[in-house]
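Structural characterization, general
Here is what each chain is made of, one letter per residue.
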Amino acid sequence: MAQHEVKLWSALRPFAQGEASVRVKARTIRELFARLEADYPGMAPFIRQGIAVSVDGTLYRDSWDTELPEGAEVFLLPRIQGG
């Protein structure tokens, strides 16, 4: 299982001791969320409300079974609600 550097938006950083990114072992986006909730419980409400994930520049909003490639660039972003 690959370890990924996950970049955080500013609202999540206080739950990661102010860090701009964290390292997480995960195969899929779903596993990524589970590990983040376990390792950084303060992020759980944000994850449950909805987070968008950018993997190598592609935005995912609901495809949580998507595999994370080795060395992928991963960003967590606030989910933007459409109208």
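Just so we're clear, the structure is a prediction, and the values are computed from it rather than from any experiment.

If you walk through the whole model with that rule in mind, you get three aromatic pairs. Both rings, one in F33 and one in W64, keep their centres 4.9 Å apart while their planes meet at 75°; by these two values the pair is edge-to-face. Pair noted here: F33 is in helix 1 (residues 29–39) and W64 is in the loop between strand 4 (58–60) and strand 5 (74–78), with a separation of 31 residues, a long-range link. Like F33, the residue W64 is buried in the burial classification. Aromatic rings pair up to connect W9, F15 and F46 into one cluster.

Grouped together as the largest cluster of nonpolar side chains are 24 residues, with contacts concentrated most on L32, F33, L36, V53 and L76. At the level of secondary structure, the elements contributing two or more residues to this core comprise strand 2 (21–25), helix 1, strand 3 (51–55) and strand 5. No other element matches the four residues that helix 1 contributes to this core. In this structure L32 touches V6, V24, A26, L68, V74 and L76, once residues within four positions along its chain are discounted.

Reading the values: the criteria
Here the residue numbers are simple positions, counted from 1 along each chain's written sequence. pLDDT decides what is reported in this predicted model: residues at 70 or higher carry local features, side-chain atom pairs at 80 or more are listed and counted, and totals for whole chains, interfaces and linings draw on all residues regardless. Hydrogens and waters are ignored; side-chain quantities use all the structure's heavy atoms. Aromatic rings from Phe, Tyr and Trp, taking only the six-membered ring of Trp, are treated as a pair when their centres fall within 6.5 Å; an angle between ring planes under 30 degrees marks them as stacked, one over 60 as edge-to-face, and anything in between as tilted. Each helix is a run of DSSP H or I of at least 4 residues and each strand a run of E of at least 2, with the numbering of both proceeding from the N terminus. Per-residue accessibility, obtained with a 1.4 Å probe over protein chains only, is compared with the maximum for each type, and a residue is labelled buried under 20%, exposed over 50%, and partly exposed between these values. What makes a nonpolar core is a set of buried Ala, Val, Leu, Ile, Met, Phe, Trp, Tyr and Cys residues whose side-chain atoms join them at distances within 4.5 Å. By definition, residues are in contact when any of their heavy atoms lie within 4.5 Å.

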